[in-house]
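# Fold and contact review
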Amino acid sequence: MKALVTGGSGFIGSHVVDKLRDKGIEVRVYDGIMPTYRKDIEYYQGSILDITSLGFAMHGIDAVFHLAAVADVKDVYNDPYRSESINVRGTINVLEAARNAGVKRIIYGSTTWVYSEATQNQVDETTPLHAPTHLYTATKLTGEYYCQSYSKLYGMDVTILRYGIPYGPRARDGAVIPIFVRKATNGEPLTIAGDGMQFRKFIYVEDLAEGNVLALKEIGKNKIYNLDGKEKVTIKQIAETVKKILGDVKIEFTPARPGDFSGKEVSSDLAKKELGWEPKISFEEGVRRYIKWYKEREEKRKADWDKTDEVLKK
Ligand SMILES: NC(=O)c1ccc[n+]([C@@H]2O[C@H](COP(=O)([O-])OP(=O)(O)OC[C@H]3O[C@@H](n4cnc5c(N)ncnc54)[C@H](O)[C@@H]3O)[C@@H](O)[C@H]2O)c1
């Protein structure tokens, strides 16, 4: 069995690659940038906007995990046109290249943001969806629809996974946990808008990656699964967890910002029942793992600069 992971150099994709390799599945990464977390992976450099290059990358592939996207909502907001082309046209390119190559299985990385306009607070895969406000969500939802059309029209087996908010090693620096950790390690206070009681569920990225691999099961064909965390974590708890691990950190409260998203309760029961998937890592343990990774990265960066300094002195 050989899998192609688009976006395999990114945060979630690189963990999916690790989990696939752990299970003895061969992997090829298709990404615009080289994988940096391990060197033993076959890599095709290319854009998902280039269907010819995608076609070459599909050769000998049994399953495609399609995760390449403009994944940061802020980037989508700032550059909607480019984001739409990558998230929407890029997705149909992946589907079409897979169809031409006879690939039968596609796993698509979507988001629980598709529920943001739902009228109820408790949501599952059967919850009716409403037109999304955010363009990011519109592009991801369009990707879901294209996957479903390819499944129905061309008999391609597709699994749509709606990810919750992932965190853990390799997370992008602009997310809330990395920001708190960076500030805390720099001796800056952690600021919370409002009383900090607004909750989110976070999903530890290795648990999320495990769910991606389990979606390959026969029962996962042509299904949608939510993969979200179990614990409700308030912003205040995030700050307190970082403080507990790093110590000597000030937490400050600022006035609430208008329109802060209150969050939905997303059920992942179906993934548990059918795929046998459940998050295993507690929030505190996940934050500890992130901090360990963050410190090692910062130390390595500093050591690299020191080495460069030494070389330049000669
Ligand atoms: N991170 C989140 O909060 C989150 C939440 C829900 C769903 N998702 C979805 O999960 C997937 C992965 O997200 P992530 O957080 O790992 O993002 P990421 O930005 O870390 O990784 C995306 C990868 O896609 C690659 N890529 C972007 N444009 C490309 C192109 N045109 N051609 C080839 N490669 C390209 C990037 O180089 C990068 O390696 C995305 O589809 C995203 O929409 C992310």
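Throughout, a residue's number is its position along its own chain's written sequence, starting from 1. Under the rules for a predicted model, residues below a pLDDT of 70 receive no local features and side-chain atom pairs below 80 are neither given nor counted, while totals for whole chains, interfaces and linings still include all residues. Side-chain metrics in this entry use all non-hydrogen atoms of the structure; hydrogen atoms and water are not considered.

### Focus on empty space enclosed by the protein
Only protein atoms enter the 1 Å grid used here, on which a cavity is any set of points holding a 1.4 Å probe that cannot leave and a pocket is any open set flanked by protein within 12 Å on both sides along at least five of seven lines; residues with an atom within 4 Å of a point are listed as lining. Grid points are joined across faces, edges and corners, and a volume is the space filled by probe spheres set on the points. Counting across every chain of the model gives one cavity of 30 Å³ or more. Counted as a void, the largest cavity has a volume near 50 Å³. Strands are runs of DSSP state E lasting at least two residues, helices are runs of H or I lasting at least four, and both sets are numbered from the N terminus onward. A total of three residues in the lining of the largest cavity trace back to one element, the largest contributor, which is helix 1 (residues 11-22). Side-chain classes are defined by residue name, with Ala, Val, Leu, Ile, Met, Phe, Trp, Tyr, Cys and Pro counting as nonpolar, Asp, Glu, Lys and Arg as charged, and the others, Gly among them, as polar. Among the residues making up the lining of the largest cavity, the classes are represented as five nonpolar, three polar and two charged.

### Observations regarding the nonpolar core
One broad rule of soluble globular proteins: the nonpolar side chains tend to lie buried together. In these notes, a set of buried Ala, Val, Leu, Ile, Met, Phe, Trp, Tyr and Cys residues joined through side-chain atoms within 4.5 Å is what counts as a nonpolar core. Classification of residues uses two cut-offs on accessible area relative to the type maximum, computed with a 1.4 Å probe and protein chains only: under 20% is buried, over 50% is exposed, and between them is partly exposed. Core analysis: the biggest nonpolar cluster contains 52 residues, and L20 and F65 have the highest contact counts within it. When residues of this core are assigned to their parent elements, the largest contribution, six residues, is made by helix 10 (residues 283-313). It only takes one pair of heavy atoms within 4.5 Å for two residues to be counted as in contact. If near-sequence neighbours (up to four positions away) are discounted, F65 is found in contact with A3, L4, V5, T6, V16, L20, I107, N212, V213 and L216. A68, A98, V103 and V158 belong to the second-largest nonpolar core, a separate cluster that totals 26 residues.

### Structural notes on helix 5 (residues 135-154)
Taking 1.5 Å of rise per residue, 20 residues should cover 28 Å, and helix 5 covers 28 Å from first to last C-alpha, within 8% of that figure. Within helix 5, the full set of buried residues consists of Y136, T137, T139, K140, L141, G143, E144, C147, Y150 and S151. Each element contacted by the buried residues of helix 5 is listed here: helix 3 (73-78), helix 4 (80-101), strand 5 (105-111) and strand 7 (157-163). Looking at the residues trailing helix 5, positive phi occurs at G155, about 65°. In this scheme, a helix's expected span is set at 1.5 Å multiplied by one less than its residue total.

### A word on the packing of helix 8 (residues 235-246) against helix 10
Remark: helix 8 packs on helix 10, axes separated minimally by 10 Å, with the N-to-C direction vectors making an angle of 60°. Taken together, helix 8 and helix 10 sit at an angle that is classed as oblique. Helix 8 and helix 10 meet at a crossing whose hand is right-handed. Across the interface between the two elements, I238, T241, V242, K244, I245 and L246 from helix 8 touch F283, E284, V287, R288, I291 and K295 from helix 10. Looking at the contact of helix 8 with helix 10, its residues break down into seven nonpolar, one polar and four charged. Helix axes use the C-alpha atoms of the stretch in contact, all axes being lines fitted to C-alpha atoms, and the angles between their N-to-C directions lie in the range 0 to 180 degrees. Angle categories are assigned with fixed cut-offs, so that under 35 degrees is roughly parallel, over 145 is roughly antiparallel, 65 to 115 is roughly perpendicular, and the rest are oblique. By convention the crossing between two helices is left-handed if the near helix lies anticlockwise of the far one by an angle smaller than a right angle, and right-handed if it lies clockwise.

### Structural notes on the packing of aromatic side chains
Two rings belonging to Phe, Tyr or Trp (six-membered ring only in the last case) form a pair when the distance between their centres is within 6.5 Å. Interplanar angles under 30 degrees mark stacking, angles over 60 mark edge-to-face geometry, and anything in between is tilted. Counted according to the given criterion, the structure contains eight aromatic pairs. Members of the aromatic cluster, joined through ring pairs, are Y167, F202, Y204 and F283. A cation over an aromatic ring shows up here: R170 above the ring of Y37, its NZ or CZ 4.4 Å from the ring centre. Consider the ring centre and the ring normal. A charge sits over the ring if Lys NZ or Arg CZ is within 6 Å of that centre and within 35 degrees of that normal.

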